[in-house]
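Each chain, letter by letter, is given below.
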Amino acid sequence: VRQHLRFEFSLLKVLGALAAAGKVFIAEVGMKKALECGNRKTITDVQWNHGSEQICKVDVKTGRSIKGKSNILERSRIIQDKNLQIRPVKEMDAGRFTCIADGATYEHTLIVVSVSVNPSSDLSTGAEASLECRVTESDQKSTVKWEKPGGLFENSPKVQLSPVEASHGGPWQCHVTNDCACRLFHIFLHLIRHLTRYDLAFAPAGSTNHQPPSGGMTLLGLIWWVWVAVGVGSLVVIILIIVVIVMMRRIRRRKRKLLKMRDAKLPPRTKKYCQCER
């Protein structure tokens, strides 16, 4: 009986030291993410591994740390004496993470999501664009779907908008669902009006081709009334400059005239002669 009890006790001790129930964490590329170790409080030391590579090991009592060879080392740190914070998250970080604290092992899974719009989130109606919610994970068990601004869903990680319509403008949500976790990723599509040639003259390079307004005669990419406005504005500026110059000359002449009149009104000065005895 004693041997049987000892065997059960040792078996429970070994099972307690084996991997405890892990968690599934979902993070976005470029953001920061904290992975919880799993234990309530660390007494002696904590060690984090990414796959088979050690990230770091920290002695809680002394604060002494031993660095590993994982590529996450330069982008991670231990917080709250046990948890691992990664900043920024990269796609290569996806996979299995192991936390060993006080002899107990906790295995976790990190899923990395990248949300993108091609060519950009500023779109014009009639153009073409694609939305992609790319998920990087080790077991490929997650499901991805897009929620449109109207509430409808697209059960695909990639949505092709061809062409872009007015109803596509607004918030799009990427739903990433795992057996143990679920998270939403938001992106907003801005719709702009069709550009005219006048707009393209002031638009950045890389804009798409658009037709000029009907009946509008253009010169060097600008419509005729723009040139008229530029000419009228230039003429007004020239007239103002001429008026200012004429006024300044008149003020100077008046000032010289006033000075002459003031000098003429002054009484003549008496001459002083040198007087002698003769």
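Given the structure is predicted, the values throughout are model-derived calculations rather than measurements.

Visitor: I keep staring at a nonpolar patch on the surface and nothing clicks. Help me out?
Guide: Where nonpolar side chains cluster on the molecular surface, the patch consists of W224, W225, V228, V232, V236 and L240 and spans about 610 Å² of accessible area. Mapped onto the secondary structure, V232 falls in helix α3 (residues 224-265).

Visitor: I keep staring at the packing of aromatic side chains and nothing clicks. Help me out?
Guide: For any pair of aromatic rings, the description consists of the separation of the ring centres together with the inter-plane angle of the planes. Counted under the stated rule, the structure contains one aromatic pair. Both rings, one in W146 and one in W172, keep their centres 6.3 Å apart while their planes meet at 75°; by these two values the pair is edge-to-face. Of this pair, W146 sits in strand β13 (residues 143-147) while W172 is found in strand β16 (residues 170-177), placing the two residues 26 residues apart along the sequence. You can call W146 buried: its relative accessible area is 0%. A relative accessible area of 0% means that W172 is categorised as buried. The ring of F153 carries the charged tip of K145 above its face, separated from the ring centre by 4.7 Å.

Visitor: Would you mind going over the state of the cysteines with me for this structure?
Guide: Simply put, the disulfide is a covalent bond whose two ends are the sulfur atoms of two cysteines. Counted according to the given criterion, the structure contains two disulfides. The disulfide that involves C37 links it to C99, with 1.9 Å between the sulfurs. Classification of the bridge connecting C37 and C99 rests on its S-S torsion, roughly -85°, and on that basis the disulfide is left-handed. Note that C37 is positioned in the loop between β3 (33-35) and β4 (45-50) and C99 in strand β9 (residues 95-101), a separation of 62 residues in sequence. Across the pair, exposure class does not vary: C37 and C99 are buried alike. The connectivity of the disulfide-linked cysteines in the protein chain, indexed sequentially, is 1-2, 3-4.

Conventions used here
Residues numbered from 1 in each chain as written. Predicted model: local features only at pLDDT ≥ 70, side-chain atom pairs only at ≥ 80, totals over all residues. Heavy atoms only, no water. Patch = residues over 30% accessible without salt bridge, like charges linked within 9 Å, V, L, I, M, F, W, Y side chains within 5 Å. Areas by Shrake-Rupley, 256 points an atom, 1.4 Å probe, with all protein chains shown as cover. Salt bridge = Lys/Arg side-chain N within 4 Å of Asp/Glu carboxyl O. Helix = DSSP H or I, 4+ residues; strand = E, 2+ residues; numbered from the N terminus. Phe/Tyr/Trp six-rings, centres within 6.5 Å; stacked < 30°, edge-to-face > 60°. Buried < 20%, exposed > 50% of the residue type's maximum accessible area, 1.4 Å probe, protein only. Lys NZ or Arg CZ within 6 Å of the ring centre and 35° of its normal. Disulfide = S-S within 2.5 Å.

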